[in-house]
Each structure stands twice: as C-alpha cells, then as structure tokens.
Amino acid sequence: MIKFKINDQQVQAQPGWTVLETARQHGINIPTLCYHEAVEPSGACRLCVVELREGDWSKVVISCMYPVAEGLNVYTDSQRVKNVRRWILEMLLAECPASKEIQALAAEYGVGSTRFAVHNPEEQCILCGLCSRVCAQVVGANAISTVGRGVHKQIGAPYMIPTDKCVACGCCVTVCPTGAMRSRFDAVRGVPKVVLAHGAR
Amino acid sequence: MDNGNGCKIGVFLCECGRRIAPLVDLKGLEQKLAQDPAVSYVATLPFACLTPGLSNLRQAVAANGLDRLLVAGCEARILLKKFEGELLSAGLDEGQVDMVNLRDHVAQVSDLSPEDKAAKGFKLIQAAVAGLAALTPTVREKVEFKGPVMVLGGGIATYSAAQELSRRGIESVLAVATDEWEDEIRMLHEHYPGERHYYDRLKEIMKEVDASPYIRRITVGELTGLTGRTGSYQATFSDPTGGPPRVHEVSAVIACLDGQMLNQGSNFGHDGRNVICHTEAEEMMWTLGVPEGKVLFWINDYEAGHPEYAYLSSRAAWSMARYMRSHSPRTQVTIFYNHNMSIPLSTGERAASRQLGITWVPYDGSLRPTVQTGYVTYCDPVSHLECEMPWDKLILSPRRSVGHEALKVAQVLGLEHVEGHFLEQHKQRVRPEMVGRAETILAGSARYPCDLHESLRQGRRAAAGVAEIAATAARGELYAPRMVCVVDASKCIGCGLCKEICDCGGIEPVEGPGGNIPRHVDPMVCTGGGTCAAACPYHALTQQNNTTAQREARVAALARGLAADEVLAFGCAWGGLAAADNAGVKGLKYDPRLYMLRVSCIGQLDPSVMARAFLEGAGGLLLIGCPPEDCHHSYGLDHTWSRVNLLKKLLALCGFDRRRIALAHADLNEPEEYIRTAEAFVSQVAALGPIERTPDNLEKLRGLYSTVNNARVRWVLGASLRRPWEDVYPGNQRNALIFDRDFMGVLSEEFIRARVANLLSSEHRPFQLSELAAALKEDEAPVMESLREMVGEGLIGRMHKDGVAHYVLRS
Amino acid sequence: MKPAIDIDLDEIMERYPGRPESLIFLMQDVQAAFSYISPEALTLVCDYTGVPMSQAYAVATFYQSFSLEPRGEHEIKVCLGTACHLKGSQRIVDELSRRLGVDAGQTTEDLKYTLETVNCLGACALAPVVVADEDYLANVTAKKLNKLLKELSQDIEERP
C-alpha cells in the first residue's frame, strides 16, 4: 500500500499504478487527450500535468506515466497546472482550429482564442498518436504510423498510399479524440479487397 | 446465486469518469442486477480498465469463484482484448469475458433520464448475461506439428525457403522433380530471364541447402493430393518410375510455384527470329552470342495491357543490355519505353548506363508504336514529331502467366484461380494473427509476377512464417484460436454445403466410407465467420465459444424485455457495430428504441436466431452489416440477405408484415448515416405496432421457428446462398423469380407441416383433419396434403376411430 | 558519390543480426550504398529485422539523412545559416535552382544533381558556403559557381 496525497486528500495505491490511475480510481478528474486505456501511455499531449510539491519547491509532471510513490503531494488543479493546460490548449487551438472537441476543452479552461498563427484552418489532427498505437497494440496490424517530423509530421500509411495491412476495423477512428481520423481513414484503408482470385476485384 | 448452467457470472458496471456515471443511474442498475438470479456478483468500479480496476476484477473473480465476467463499459472492439489478457491468469479464457457498451450505446446517445438509461442498460446486460450462461467453454486445443515441413512445387523459391528453415533449425523435405540442382539454374531463364547477375548468390544458397543436415531431398512425380490440417498433412505424389503413389506425412506445406513466360503474339510482330521475347533473347545470347547491329528492347507491357509489369520487364532488359554492351561494343543497344514509365535505375545505374552507351528512348504512350521492317515508328513525347527507331533485333517484353504446371499444383492445394489472374489471394484479414493458408505457403512468380530476388524473398518470408509457428508448436505453446468452427461427425452427412460457402478454406475433407467428405475444420485456418454453421441443414457445425445457442439465448432475453415499440438489432464488428460505436464516441444523439447486439459477422446469424427474436416478443429485427461487397468475411453479408429473405417470406405466411425484419448496410466512418438507418427502421416498425401475443400468433411463431430449423428448408436455402465464384450480389440465380416461387412453395408446405407437428406434440392426443385445420386456421386441402406426406414419411401415424382418420405423432 | 552498381542487398542484410535493433544500421548502410532507400530495400529490411513497415517508414521519414527518392551523383548543399544568409546565400540557391532546373530539396530528372539547403555548416568565416559532395567551397560567387558546375559535369562525362 503506497500512501500519498492528491489535492490534500489521502489516497492509497499499489506499486505499479500511475498517478492518473490513482486519481481516477478516487473519482478525481484529470483531463487527457493522448491517453487511452487500451494502449500504453505516451505522454504526447501533456494535458494531464499535475503539480508535485515538496516544501517550497514544485515541479509539473505528466500524471499518465508518473509512478506512485510514498509521500507524494499532488495537486491536479493548482494555478500552475491550470496555466500549463491553458498554454497547451491555446497552442492546440492554433494547430487544430477545426476541431470541436479542442474548442470545447479550451472553453472549459477559459481559452477562447489563440495568439498563435494558424497554418491550416481545416486541421483536426493533434498528433496524439492514439491511432497508430491502437493499430499496433490492440489490432496488431501496424498499418499506420507518424510520418515526417516537426511541423511536417502527419499520420499516414507507408508511402501515404492505402495499404492492405489495414484491416479496416475502424479502431483508429473510434479512439481518435478529434474528428481527424475520420477524414484520413479512406486514405489508409483504400478499398477492401475481397478477391479469392475470383471476380472483378 | 447461480443459473441453470451452474456457472457464476459477475457483472461490473463502469463509471468511466464523467462519461457514464452521471448520465446513467448506476446505483439503481446495480440494485436491480443484485436481485437477478442469473447474476452471481455485481459491483460498480470507477474505471474497470485501469490497473486498479483490473486488480479489483481479479480479486472479485478469485473471491467469488466467478467463471464468466461481463463489463458494462465501452467498446468491446477496443477493450475486450485487454480484459481477456488481464483475466487469463484468473482462469477466464476468450469467450468467458464479454462487454456491453453502456457508454456509447446508452449513456452518450440520447436525452433519456438516468433511470431510463439504466433500464435500457439493464436489458442489454441481461441479454449478455444470458449469452454467457449459455456458453460451454471448450478446452484449449493444442496443435502439434508432426513431421518436417514440405517444400513442393519446383519453383526456385524452394531453395531460399529451405535455407531459411534450415537456419532456424526446422527440418524440411524438398519435393523436387530432379536430383540435379545445378540443372535448375541452367533452365532458370525460362521463368526469370535477364537475371544472370543473381546466379552466383543463388548457387551459394543451393550449396548451403545441399550441405544442410536439416534438409532432405526427395524426387517425386506430380502432386496428386493434399489432405489433413495445419500440423499434420498427407501429401500424395505419383511415382516417377511408375510405382504406386507415395504419401508423405508432413507438418506444413510451402508451395513454391514459378509462373510461365510466354511470347508475345504476332500483333507485335513476334516471329521467333528477329522479333523475339526476353527468354528467347537470353537463350540466343548464351548459345549464339551477342548479336551485332542495332538491338532494340521494347518495353511494350503498356500496349500488351499490363503496365504494372513494365518495371520488371525493364529491369530484365537493363540486365541483358548491360551484358550485351560490355561483351560486344559493336552492338548498339537501345531501351524503348512508354513515357508514362519512369526509368527504373538508381543513380549509380544511370551513370553506368551512360558510360556503357545504352540509350533510353521514351515514346508518347498515347500513340502505339508500330513495328515495321527495320523500323519502329513512334511519336516523340517532347517534340511531338513522329519518328522511326531503327532495329536489327527487336526484343519484346514477355507475356506473364501462371502456367499450367503451377495451376495443376494450385488446384490440388485447393487454391482457386480465375483466368487472367495470378494465384495471390487478397482476403480481408479479420484476425491479424490469423494463420491464413494462402499467405503462408505460396511463394514464387506464379503468386504474382516478380523477379528472381523477390521470388526468393517470398520463399524466405513464407519459411520464416512457418518456422515461427513450428517453433511455437515444438515448445508445446501452439494453441488453436478459440472461436473457430468444429464439425460434429455424428451429424454431418458430408453434403459439402459448408465447404462451398466457406470463404477461408478451412473446411477439409477427411477419409470416410465411400470417399472423401468434408468433415473437419482446420482451426488454424478458420476465420470464425460462422456462415457455415448458420447454413448447415443438420446443425452439424458449431462455432465454438460463440454458438448459435448463445446468440439465441441473448436474443430471447432481450426480446422478452423489450417494450412494445423497441426493436432489436445485430451489428457486425466491422460495419453496424463499429458505426454505432463511432456515433456514440462522437456523442451523436438518436432514437434510443434500438437495442444492438454484437456479432463478429452478421453471416453467423442462423435464421433460427432471427426466428427466436420474433418468437420471444420482438416487433422488429434489424441486421446491420458492412457496405455491399465489403464484407470482411467475404460473403457473410450476401448470405444474410438470403436468410432475411427467408424470414420475410415466413413472416408473410404468418400474416405478419414483411418489413419487421430488414438488412441494412453501414460504413463505420459514416455514423450519421447509421443513425439515419436506425431511426428509419425504428419508425417503420413503430408504425406497424407490436405483434400481439395471442395464442394464434404464438402458435404461428413457433411454427416459423420450427420451419427455419427444418433440414429441407435449410437445404433449399443453402442452394441459393452466394458461392465465392458468383460475381453478383445478392446471388447469381439465373432464374431468380422461378427459384423464388419454388422456394415459396417449399416454405408453405413445410410451414404447415411444422405447425401440425408442433400441435400434435403439444396436445398428445389424436386429431382429426377438421380439428387440425380449424386449430391452424387453414383450409383443409393443404393440411390434408401435408398429413398424407407426413404419414408416408413415417413422421406421424394414422389410425381410424369411428371410421374417421385420426393423426398422432409417432414417438 | 561514386556510382555503384550490382550491390548485393542480401550481403548488406547479413552484416547485422536479424533483430529490430539493427533497423537503423541497415538503413544507413543501404542509404550509403544506393544513395537512397528504395521500397524494395525497405521491404527487405523490414522482413529481415521483423520491424513493421509502418514503423520503418516512420524512421525513414524522420531522419534527414535518409532519402526515399534517388539522390543525384553530386549533392550540392547551400548553407542558409545566419552569416551565409547575410552574405546572400539565397541568391546562390536561386541561381543554382535556375541552372539545374530543380528546386531546393529536389534531384534532377537524369539523377545527376541534387540541390539542398542546410541550416548552418559552422564555417561562418567562409560565408557564403557551398558544399559540393565532401568539398567545402568558401566565399562563393557567380564565377565560382560556374567553375563548380563545369567541373562537376566534366567529372560525370569523363568517369571511366
């Protein structure tokens, strides 16, 4: 039994749990975007940050991967945490202006507009990587991955053409936190081939 | 607390943060479930799927001796695998854990009150619990690998496959036509012209194979038969010396088949002397030497109708061109290609090409070049001038085909082939870990045209795949998947219907009295589509851990609980269910009167399940599959069309509206369209009102249920199910209308017979004709007809009392 | 780059054990041998190491040093770092682009030249700097560009 505090409230956890899992088990809500229960956490969105305080000193860490430890002092909604989340959401608003889910989440934190330049007003993909993780870890098809890097990073199948490794299960569409995978789905799955060496296709 | 089966079912309600808990009255739901005698244990968890939740689940299973578990949370498509994996150590195997999508089929998709949503959730949970109670879990089947791996077919990939197997310590036996492996290289250009630069490496591979202690070569004649299943095959070959056929026991088979290279026809001017193809060119170079003068390689694959082979042809041409120029500087070599093709050379090769003086000349692909004596006319793609390319020897691309040698072997292996195509089969992979026979065992250019390097790579890849499975089997860790079909040999009469409609090729004939009859399913090949089991006239096939009985139990429990205007639906994991999941994920709201049950393919729905829904009180049944021609199990969708059609006819015979059952299509990426489908059906059925549960109606529904389980009806239905070779959806019946009329006739007869039998067996007393006709509310004539036939078949007995014929069921 | 042909892909594979850890080593060797990683080579690397194609493709597109398109025999890199930029390196890029007929980042159709821009070569005192294959050219002017292009094309024509 590992005992520590979240928001000044005593909580108990077992070794191997993360701070996020413990918080959720105790009904404490921490927002996430790139986290999904079916796959390993990746820590890409940083939205689940919590503040760890030790005396005068504090740091922010991501709760989805931070292992529980005896005596932690965790704050899930402090000023510092709220500030980090607001920055993230403001940047996401610029990155994915078309996503209703991001707009709603930003509104919850009082972020209505963004000071950053919008490069693609149609973009919805936040590059959380959930689609490719689900495809690899749950489905086992490994059809898609991130392609490129930096500002040119996007999600796609190898060579950005439909691949027959895709089994068209739609798990990527289901786990996508925004509507991004919906529009990309047809570029990945192409047309399912049902040819037993017979027929037109 | 337990239920009839003696199993202990635990139900766990998931709060899922803010996504289920405040929207559904989970406390009330938990209380109701606690009082349900079918449920042994119920609890609510904040998040069932996270580490804390999972350890709660494991503890509850251990503490309460639970052997079935239901999580009422979110998508089974995404999370069921995690639950199964985490609960295996607690003794629950695949099939013993199920999920109900409380979040995205109930909580998020309507504005009902939390109490009403809990009520909907309760009905869905009850149905899932009934399904779990009806489960008889099977013991995990261990698959053994008996004997070496056989590599047959004679293709060149045999050597790379054997090498790979040998390097992984797997024993193999090569079934080849000749003992002289050096000879194989001599004639290799007949299948792979222009590849001499690769021969040295090939010789190394062959030497390694020759020296390996893991590899045995046997000289055989033709392959005449292959029976058995993964891990234990019997391959029969004719004896080349004329003796009796020889049978070899092997664990797996890799077929290495090379395609045939034919020559182009006279439409390109082919004459075998000056206008030749690649194979002839290579023969000429090695027997007569490099010709002098102007050699023109024309990559004419576009004009021959196969632009996809231009790359291969140009690479072969390049190789031969290099040889010519380096050995005969007086020979001029030009490669003449369609401008739509990009030159297939790397940077270094381009430089080499320039140095060797090989010119690459593009022509405008929209104007077909014409072969004349000494010239080929063409249009320059840049200047648009029509020009002439001089030639002394014109070398055309080969015509690639499977070849009849490869075809013969393929036929014996049960690989279907259609004219003009190659042997590669593209099937939707429904289980990524699936051991598909065709994927593993086929290598070589008969599979699809490829060069020597690729052919060898395919061989290596096939061998690596087989080796991995063989190694797992050797460790005793190879188990067959759980939800595959199995044949009850005592019920199977060997009609072969299942094998004809099966899309995965997993149904194998075994030796039986009177010849081979299909009686066995290879569990490593079966994809679990289940249309075979749903079609079998004698219910001889069962889908293990996912049976028709379980589906009937689910449907019965749900139908009994539905309100008058609520409808039942089945959604497949690739189409309807996925679309419904995505509608919920997006928080789209729609009519909550639709209750969806999950299946992996709607093709596994036996008409019995559909009939049971109505029998138990459903007013409407909707089956939502994939879009047309997109069924992941190939023909499950089409077969469902036929079964729904059967139900419509029977509903009409009962006097009920045919629109109460319907088939629909949903694209998982169009949840809004799915909602339109769902709401259209719900309003359609609501307008019809419920089927009154009067004794008459119930009697007819029981008759309907018996009729769909009647062997003759299932026979005729089976004859109309779409076969894999039929192009047309929904079925290539040449005389659809005539079949329809005939089928209706059969149904009318069997319907009456079923009702007569039901009546006689429930009343346990002799009936007169007039009594029967009155009870069934039918005319005496058709009833008399049925009685006469049933007496003739010995199903009922006739006796006379007071001079009047009475009928009684025979025990 | 010295053009090479008849490179045995299988020989390259055999330099490293057939495990996922060998992915980048193999890709580097293939890149060095062919000046790019063709789809066939990438497929072979995936087969050999057991890495799924999507992951290998992600790695290949992540690193600048991997190219999925053939590169020219001569790679001309123009530095666009601060010092070089101030000394007019953009004009050098434009001029080369005009002369070669390709944009920065592209290769000529005949696979003779590749034009690239880079961020800083750390040779600021020599600005503007152009790197042709392995050779650093300092204080590049239009005249020097002419000389460079002439030398490069002669090299291509004359190579035995």
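The rules behind the values
Counting starts from 1 at the beginning of each chain's written sequence and moves along it residue by residue. Written order determines the labels here, with chains lettered from A and ligands numbered from 1. The predicted origin of the model limits local features to residues at a pLDDT of at least 70 and limits the giving and counting of side-chain atom pairs to 80 or more, whereas totals for whole chains, interfaces and linings rest on all residues. Only hydrogens and water are set aside; all other atoms, that is, all heavy atoms of the structure, feed into the side-chain values. Numbering goes from the N terminus for both helices and strands, where a helix is a DSSP run of H or I of at least four residues and a strand is a run of E of at least two. Burial here depends on accessible area, computed with a 1.4 Å probe over protein chains only, as a share of the maximum for the residue type. Under 20% is buried, over 50% is exposed, and the range in between is partly exposed. Contacts: residue pairs with any heavy atoms within 4.5 Å of one another. Per-residue accessibility takes into account occlusion by the displayed protein chains alone, with areas from the Shrake-Rupley method and a 1.4 Å probe. Two residue types count as positive, namely Lys and Arg, and two as negative, namely Asp and Glu; His and chain ends fall outside the count. A charged residue contributes its charge at one atom only: NZ of Lys, CZ of Arg, CG of Asp or CD of Glu. Two rings belonging to Phe, Tyr or Trp (six-membered ring only in the last case) form a pair when the distance between their centres is within 6.5 Å. Interplanar angles under 30 degrees mark stacking, angles over 60 mark edge-to-face geometry, and anything in between is tilted. Look at NZ for Lys and CZ for Arg. If either is within 6 Å of the ring centre and within 35 degrees of the ring normal, a charge sits over the ring. Any two strands between which DSSP finds at least two bridges are classified as paired. Geometry is summarised by axes, namely lines fitted to C-alpha atoms with helices restricted to the contacting stretch, and by angles between N-to-C directions that run from 0 to 180 degrees. Segmentation of the chain into domains, including their bounds, is taken from an automatic or database domain assignment.

A. View of the overall build of chain A. Tallying secondary structure elements over chain A gives six helices and seven strands in all. Listing every helix and strand of chain A by position from the N terminus yields β-β-α-β-β-β-α-α-α-β-β-α-α. Referenced to the eigenvectors of the C-alpha coordinate spread, the extents of chain A come out at roughly 70 × 45 × 25 Å. The buried share of chain A, taken over its 201 residues, is 54%. Put simply, of all contacts in chain A between residues at least 6 apart along the chain, 52% involve residues at least 24 apart. Approximately 9000 Å² of chain A is accessible, and the part contributed by carbon and sulfur atoms is 51%. Computed over 21 positive and 17 negative side-chain charges, the separation of the two mean positions in chain A equals 4 Å.

B. Just the overall build of chain B, in detail. The secondary structure content of chain B amounts to 26 helices and 33 strands. Projected onto the principal axes, the alpha-carbon positions of chain B cover approximately 105 × 70 × 60 Å. Of the contacts made within chain B by residues no fewer than 6 positions apart, 74% connect residues no fewer than 24 positions apart. Side-chain charges of chain B comprise 86 positive and 99 negative groups, with the mean position of each set lying 3 Å from the other.

C. Geometry of the packing of aromatic side chains. Going through the model one piece at a time under the given rule, you end up with 16 aromatic pairs over all chains. Measuring from ring centre to ring centre gives 5.4 Å for B:Trp286 and B:Tyr323, while their planes differ by 25°; the resulting arrangement is stacked. Taken as a pair, B:Trp286 in helix α9 (residues 278-287) and B:Tyr323 in helix α10 (residues 310-327) lie far apart in primary sequence, 37 residues in all. By way of ring pairs, the aromatic residues B:Phe268, B:Trp298, B:Phe336, B:Tyr363 and B:Tyr378 are connected into one cluster. The ring centre of C:Phe62 lies 4.9 Å from the NZ or CZ of A:Arg149, which sits over that ring.

D. Expanded view of the sheet that holds strand β1 (residues 2-6) of chain A. Residues and elements named next belong to chain A. Spatially, five strands are ordered β2-β1-β5-β3-β4 in an open sheet, and the strand pairing comes out mixed. Strands at the two margins of the open sheet, each flanked by one partner only, are β2 (9-13) and β4 (57-62). Direction aside, neighbouring strands of the sheet carry axes that sit 35° apart on average. The pairing of β1 with strand β5 (residues 73-75) spans two bridges and is parallel. Bridging across to β5, Lys5 finds its partner in Asn73. Contacting β3 (49-54), β4 and β5, helix α2 (residues 79-95) crosses the sheet at an angle of about 150° to β3.

E. Local environment of the sheet that holds strand β11 (residues 252-256) of chain B. Residues and elements named next belong to chain B. Taken in spatial order, the five strands make up an open sheet running β7-β6-β5-β11-β22, and their pairing is parallel. The outermost strands of the open sheet, each flanked by one partner alone, are β7 (215-219) and β22 (442-443). Here strand β5 (residues 149-152) pairs with β11 via four bridges, running parallel. Counted as the bridge partner of Val149 is Ala252 from β11.

F. How the structure looks around the domain arrangement of chain B. When its domains are assigned, chain B resolves into domain 1 (1-137), domain 2 (149-259 + 402-474), domain 3 (263-398), domain 4 (485-543), domain 5 (547-754) and domain 6 (764-809). In this structure, domain 1 of chain B and domain 4 of chain B have C-alpha centres spaced 34 Å apart.

G. Structural detail: the pairing of strand β20 (residues 393-396) of chain B. Residues and elements named next belong to chain B. Burial along β20 is two-sided: the residues Lys393 and Ile395 and Leu394 and Leu396 are all buried. Pairing of strand β13 (residues 275-277) with β20 involves three bridges; the strand directions are parallel. Counterpart to Cys277 in the pairing with β20 is Leu396. Relative to β20, strand β14 (residues 294-299) runs parallel, the two being bridged by four bridges. Within β20, the position partnered with Phe297 by the bridge is Ile395.

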